[in-house]
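# Report on the structure
Chain by chain, the residues run as shown.
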Protein chains: 2
Amino acid sequence: MKTASLQGVLAPVVTPFTADLRPDSARLVRQCRWLVDQDVGLAVFGTNSEGNSLSLREKRDLLDALVDADLPAARMMPGTGTCALPDTVELTRHAVARGCAGVLMLPPFYYSDVTDDGLFASYAEVIERVGDRALRIYLYHIPQVSGVPIRLALIERLLARYPGTVAGIKDSSGDFANTKAMLERFQPQGFDVYCGSESLLLATLRDGGAGCISATANVNPRAIARLAREWRSAEADAQQAALGVVRQVFAQYPMIAALKEAVARFAHDDAWRTLRPPLLPLAPEQRASLRASLDALAFDMTGLAE
Amino acid sequence: MKTASLQGVLAPVVTPFTADLRPDSARLVRQCRWLVDQDVGLAVFGTNSEGNSLSLREKRDLLDALVDADLPAARMMPGTGTCALPDTVELTRHAVARGCAGVLMLPPFYYSDVTDDGLFASYAEVIERVGDRALRIYLYHIPQVSGVPIRLALIERLLARYPGTVAGIKDSSGDFANTKAMLERFQPQGFDVYCGSESLLLATLRDGGAGCISATANVNPRAIARLAREWRSAEADAQQAALGVVRQVFAQYPMIAALKEAVARFAHDDAWRTLRPPLLPLAPEQRASLRASLDALAFDMTGLAE
């Protein structure tokens, strides 16, 4: 049950805030337009979007702003999984109503000692309550942050009960053996597997995966999307290696702050440096160091500045 | 800056749900009335209340139901800390407006690799935005669940900046050395320290603490509250030992499910067995085993059945 419009690369789009820490929908619209122009889809409200630092209302309003601005809902996979069943249902229902091709759904993540029975019940309740055949859920496996792994046995049960609706997974574990196991067991049923970093993009695509949903697609979208298109070419390994060089720079800093710093710099827009607590911008010395590292690579974000 | 009405024992009150998983305010009101009659305060929306499985609206409505039913707001310390700043601000403001003597505030808990600077900024934003001198915040240190410890250095900074408003802490780490360090450093400034289990109640009170906020205060409130009143008596050690026997039974099961099972049994009310996913009720064999263990103790919950 492939969702063609979501194949390839998506960015967990960083969320801009105003000086008084409100989400800034106008800046988000501009950023999303630039990303789509680079051939990157919109996994808004992800981990790197500070998605869980936003209220339900803020997420609804931002999604409305994007769709109302004619950004393509077919390229959207908003994060809709929260700790609270009614919030997850409401946001998911809204995403489907606005035409989003899929949703990326964290399990409820406050309690970490939960059973697969409990997680199955949680996803099942959401699916039944949303009650829409257009719903496409991408599970979100990021145990190092959520504390709640999505195990193979759970995927198997969900796929058996909700084929078509349970459409894929983002594997942010960084453990390619796990990604590979998901691909081997579930890809033949049309289950789309995305790796959580472009450092595994080529390997994922060669094993039949759908693409990647990666933090650094916020800053290096064109090159990552190019590899997703050209992965069968002779240059693929060299492209993959080049992506790794950029990724490695950002990985040395708190990721979200570093992404926003790069956007602020290349968009010539200081407002992008704001994060919502508990996250904070880079310290001045980190900022200088990131700048120097990017300069050494002659790194650029073409077309970002208006 | 002691809040006299909150000294002693509070229960993170278990939240009843209807068959279709909506919060059941009428049952919650009855349960809270019984707890107050046992001399136990109301830490609603805590970890054992499935507080983070409730939406903001549900928590507002439940709090309204309790206050409107004339339950004493002076005995209430609702959990108001969420992942998202605007939700935490709104719920905290509402709790203050409804007269709650304090609030128990988790740090934002999605990201676990946060700095003390980020946590300070988070609490500071909430305090500034609520902007009410009646606000009394009790910090919530439960790193094994939240993933976000409240370290001594953070408490020190918060107390220095917001004396009076930052009123105390619940230490659910289970590490009495940590509780003791908090007592030694901050109790002299009037900072109230609660342990997270009645198994440490006597030790906490002897070292100058305010009391405990404990899961099992939902089921064994009278005896726990008695120790909090009589801890200077010759029977205190024997009382503490007796509390441990009951606690030990419940600790063998998933705690929230076991608490609800006991309430269901002694209130003769099956509806109490419902949990909201991802949590689930006890399995039949666990239920039988808990029942047998409680029978062996001649355990009872006097006055719970109407």
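Residues numbered from 1 in each chain as written. Chains lettered and ligands numbered in written order. Predicted model: local features only at pLDDT ≥ 70, side-chain atom pairs only at ≥ 80, totals over all residues.

### Considerations on the overall build of chain A
- Scanning chain A for helices and strands turns up 12 helices and seven strands.
- Taken against the 2.2 N^0.38 rule, which gives 19 Å for 306 residues, the C-alpha radius of gyration of chain A at 18 Å falls within 12% of a compact globule.
- Seen through its principal axes, chain A has C-alpha atoms that stretch 50 × 50 × 40 Å.
- Burial analysis of chain A (306 residues in total) assigns 54% to the buried set. (Helix = DSSP H or I, 4+ residues; strand = E, 2+ residues; numbered from the N terminus. Rg over C-alpha atoms; globule rule 2.2 N^0.38 Å. Buried ≥ 20, exposed ≤ 12 C-beta atoms within 10 Å, placed from the backbone.)

### Some details on the packing of helix α3 (residues 85-97) of chain B against helix α4 (residues 116-130) of chain B
Residue and element names in this part refer to chain B.
- Two elements in contact, α3 and α4, have axes separated by 9 Å at closest approach and are oriented at 45°. Taken together, α3 and α4 sit at an angle that is classed as oblique. When you trace α3 past α4, the crossing you get is right-handed. Here L85, T88, V89, T92, R93 and V96 of α3 come into contact with α4, specifically with S122, E125, V126, R129 and V130. (Axes fitted to C-alpha atoms, helices over the stretch in contact; angles between N-to-C directions. Parallel < 35°, antiparallel > 145°, perpendicular 65-115°, else oblique. Left-handed = near helix turned anticlockwise from the far one by under 90°. Contact = placed C-beta atoms within 7 Å.)

### Observations concerning the interface of chain B and chain A
- Listed per partner, the contact involves 32 residues of chain B and 32 residues of chain A.
- At the level of secondary structure, the elements contributing two or more residues to the side of chain B that touches chain A comprise α3 and α4 of chain B.
- Sorting elements by how many residues they give to the side of chain B that touches chain A places α4 of chain B first, with six residues.
- Split into classes, the residues belonging to the side of chain B that touches chain A amount to 19 nonpolar, eight polar and five charged. (Nonpolar A, V, L, I, M, F, W, Y, C, P; charged D, E, K, R; others polar.)

### Here's the deal with the sheet that holds strand β1 (residues 8-11) of chain B
All names here are of chain B.
- The parallel open sheet is built from seven strands, whose spatial order is β2-β1-β7-β6-β5-β4-β3. Two strands bound the open sheet, and with one partner strand each, they are β2 (41-42) and β3 (103-105).
- Sheet analysis places strand β4 (residues 137-141) next to strand β5 (residues 166-171), joined by five bridges and oriented parallel. In the strand pairing of β5, H141 is matched with D171.
- Along the sheet, helix α9 (residues 221-230) contacts β1 and β7 (211-213); its crossing angle with β1, the most-contacted strand, is approximately 155°. (Pairing = 2+ DSSP bridges.)

### Focus: the sheet that holds strand β3 (residues 103-105) of chain A
All names here are of chain A.
- What the seven strands build is an open sheet, ordered β2-β1-β7-β6-β5-β4-β3; its pairing is parallel. What marks the edges here is a single partner per strand, and that holds for β2 (41-42) and β3.
- Across three bridges, the pairing between β3 and strand β4 (residues 137-141) is parallel. Across the sheet, L104 pairs through a bridge with Y138, a residue of β4.

### Focus: the nonpolar core
- Among the nonpolar cores identified, the biggest contains 194 residues, and L10, L42, M77 and Y138 of chain A together with L42, M77 and Y138 of chain B are the most heavily contacted of them.
- When neighbours within four sequence positions are excluded, L42 of chain A is seen to be in contact with L10, A11, V13, C32, L35, V36, L71, R75 and M76 of chain A. (Core = buried A, V, L, I, M, F, W, Y, C linked by C-beta atoms within 7 Å.)

### Observations regarding helix α12 (residues 284-296) of chain B
- Spanning 13 residues, α12 of chain B covers 18 Å between terminal C-alpha atoms, matching the ideal 18 Å at 1.5 Å per step.
- A298 of chain B sits one or two positions beyond α12 of chain B and adopts a positive phi of about 55°. (Expected span 1.5 Å × (residues − 1).)

### What about the environment of L183 of chain B?
Residues and elements named next belong to chain B.
- Assignment of secondary structure puts L183 in helix α7 (residues 176-186).
- The exposure class of L183 is buried, given the 24 C-beta atoms found within 10 Å.
- Once the C-alpha coordinates of L183 and E285 are considered, the two residues, 102 residues apart in sequence, prove to be 42 Å apart.
- In this structure, L183 is in contact with V193, D207, G208 and G209, ignoring residues within four places of it in sequence.

### Overview of the relation of the copies chain B and chain A
- For the pair chain B and chain A, the best superposition has an RMSD of 0.0 Å and corresponds to a rotation of 180° with a translation of 0.0 Å parallel to the axis. Here the copies are linked by what is in effect a two-fold axis. Considering only C-alpha atoms, the residue of chain B closest to the rotation axis is Y110 of chain B, which sits at 4.0 Å.
- The share of interface residues of chain B whose copies in chain A are also at the interface is 100%, consistent with both copies meeting through the same surface. (Least-squares fit on C-alpha atoms with pLDDT ≥ 70 in both.)

### Remarks on the environment of A177 of chain B
- Position of A177 of chain B relative to the elements: it lies in helix α7.
- Here the alpha-carbon distance between A177 of chain B and G211 of chain B, two residues 34 residues apart in the chain, equals 16 Å.

### Overview of the confidence of the model for chain A
- Here chain A shows a mean pLDDT of 97. Residues at 70 or above account for 99%.
- The ipTM value of the predicted complex is 0.97, and its pTM value is 0.98. (pLDDT = per-residue confidence, 0-100.)

### Let's talk about helix α6 (residues 152-161) of chain B
Residues and elements named next belong to chain B.
- Among the residues making up α6, those that are buried are I155, L158 and L159. Buried residues of α6 fall within an arc of 100° about the axis and therefore sit on the same side. Exposed side chains of α6 directed beyond 90 degrees from the buried face belong to A153 and A160.
- The secondary structure elements touched by the buried residues of α6 are α4, β4, β5 and α7. (Arc of directions from axis to C-beta.)

### Regarding the pairing of strand β6 (residues 192-195) of chain A
All names here are of chain A.
- Burial of β6 is two-sided: the residues D192 and Y194 facing one way and the residues V193 and C195 facing the other way are all buried.
- Between the parallel elements strand β5 (residues 166-171) and β6, the chain passes through helix α7 (residues 176-186) in a crossover that is right-handed.
- Across two bridges, the pairing between β6 and strand β7 (residues 211-213) is parallel. By the bridge assignment, C195 is partnered in β7 with C212.
- The parallel pair β6 and β7, bridged by helix α8 (residues 201-206), forms a crossover whose chirality is right-handed. (Right-handed = clockwise from strand over helix to strand, strands pointing away.)

### Details of unusual backbone geometry
- Residue P278 of chain A follows P277 of chain A across a cis peptide bond; omega there is 20°.
- Note that P278 of chain A resides in the loop between α11 (255-267) and α12 (284-296).
- In this model, A298 of chain A sits at a positive phi of 55°, which is unusual for a non-glycine residue.
- Using a count of 6 C-beta atoms within 10 Å as the deciding quantity, one classes A298 of chain A as exposed.
- The residue L21 of chain B is not glycine, and still its phi comes out positive at about 70°.

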